[in-house]
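Structural characterization, general
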Amino acid sequence: QEVAEGDLVVVIEDDGDIRALLRTILEASGCDVRTASSGADGIALVDDLLPDAITLDVSMPVMDGFETATEIRTRHTIPILMISARADERALSRARDIGVDAFVTKPFRPRDLRQQLTALLDA
């Protein structure tokens, strides 16, 4: 099972290299990808586009991924896949409490990312 052709995914990631990698992986799977480099820009993009899914980095300056997810959840039920180098139980618990749908740890394998996203889009 793969991500459906044309699914719109918003990638919110402050690191340009990781943002480009996520775009490449998702576009190769047939997704239409839009990116934002900050939580605030990501929220605006989500509000404007109402994507099928969101990937969201935890560690971002100014507004981190938890704050960004909390703000998105006040307005939308769009599936959120959180990506983080921190996979401790506290981070996972906090993400679940906010309403994040899935969690992938860095470094990740492209196949794992696609599988998680596919599961969210099929739910």
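Structure: above.
Small disclaimer: the values here were computed from a predicted structure and weren't measured.

**Examining the environment of serine 84**
Structurally, the position occupied by serine 84 is in strand β4 (residues 80-84). Taking the C-alpha atoms as reference points, serine 84 and glycine 65, separated by 19 residues in sequence, lie 9.1 Å from one another. Other than its neighbours up to four places away in sequence, serine 84 contacts Val58, Phe103, Val104, Thr105 and Lys106.

**What about the sheet that holds β4?**
The strands making up a sheet are joined through hydrogen bonds of the backbone, oriented either antiparallel or parallel. Pairing within the open sheet is parallel, and its five strands lie in the order β2-β1-β3-β4-β5. The open sheet has two edge strands with one neighbour each: β2 (32-36) and β5 (102-105). The average undirected angle you get between the axes of adjacent strands in this sheet is 20°. As paired elements, strand β3 (residues 53-57) and β4 share four bridges and run parallel to each other. Bridging across to β4, threonine 55 finds its partner in leucine 81. Taken strand by strand, helix α3 (residues 65-73) contacts β1 (8-12), β3 and β4, and its axis lies near 175° from that of β4.

**Focus: the packing of helix α2 (residues 39-49) against α3**
Interhelical geometry of α2 versus α3 gives an angle of 25° and a closest axis separation of 10 Å. Regarding the angle of α2 to α3, the classification is roughly parallel. The two elements α2 and α3 meet at a crossing, and its hand is right-handed. Contacts between α2 and α3 pair Gly39, Ile43 and Val46 from the former with Thr68, Glu71 and Ile72 from the latter.

**Here we look at helix α1 (residues 16-28)**
In a regular helix each residue adds 1.5 Å, so 13 residues correspond to 18 Å; α1 covers 18 Å between its end C-alpha atoms and thus fits that length. All of the buried residues in α1 are Leu22, Ile25 and Leu26. The buried residues of α1 occupy an angular sector of 90° when projected down its axis, which confines them to one face. What points out from α1, more than 90 degrees from its buried face, is the exposed set Asp17, Thr24 and Ala28. Where α1 is buried, its residues touch β1, β2, β3, β4 and α5 (110-122). The opening residue of α1 is aspartate 15, an N-cap whose side-chain oxygen sits 2.9 Å from the backbone nitrogen of aspartate 17. With its phi angle positive at about 95°, glycine 30 sits one or two positions after the end of α1.

What counts and what doesn't
Residues numbered from 1 in each chain as written. Predicted model: local features only at pLDDT ≥ 70, side-chain atom pairs only at ≥ 80, totals over all residues. Heavy atoms only, no water. Helix = DSSP H or I, 4+ residues; strand = E, 2+ residues; numbered from the N terminus. Contact = heavy atoms within 4.5 Å. Pairing = 2+ DSSP bridges. Axes fitted to C-alpha atoms, helices over the stretch in contact; angles between N-to-C directions. Parallel < 35°, antiparallel > 145°, perpendicular 65-115°, else oblique. Left-handed = near helix turned anticlockwise from the far one by under 90°. Expected span 1.5 Å × (residues − 1). Buried < 20%, exposed > 50% of the residue type's maximum accessible area, 1.4 Å probe, protein only. Arc of directions from axis to C-beta. Polar contact = N/O pair within 3.5 Å; in protein donor to acceptor, adjacent residues only side chain to side chain.

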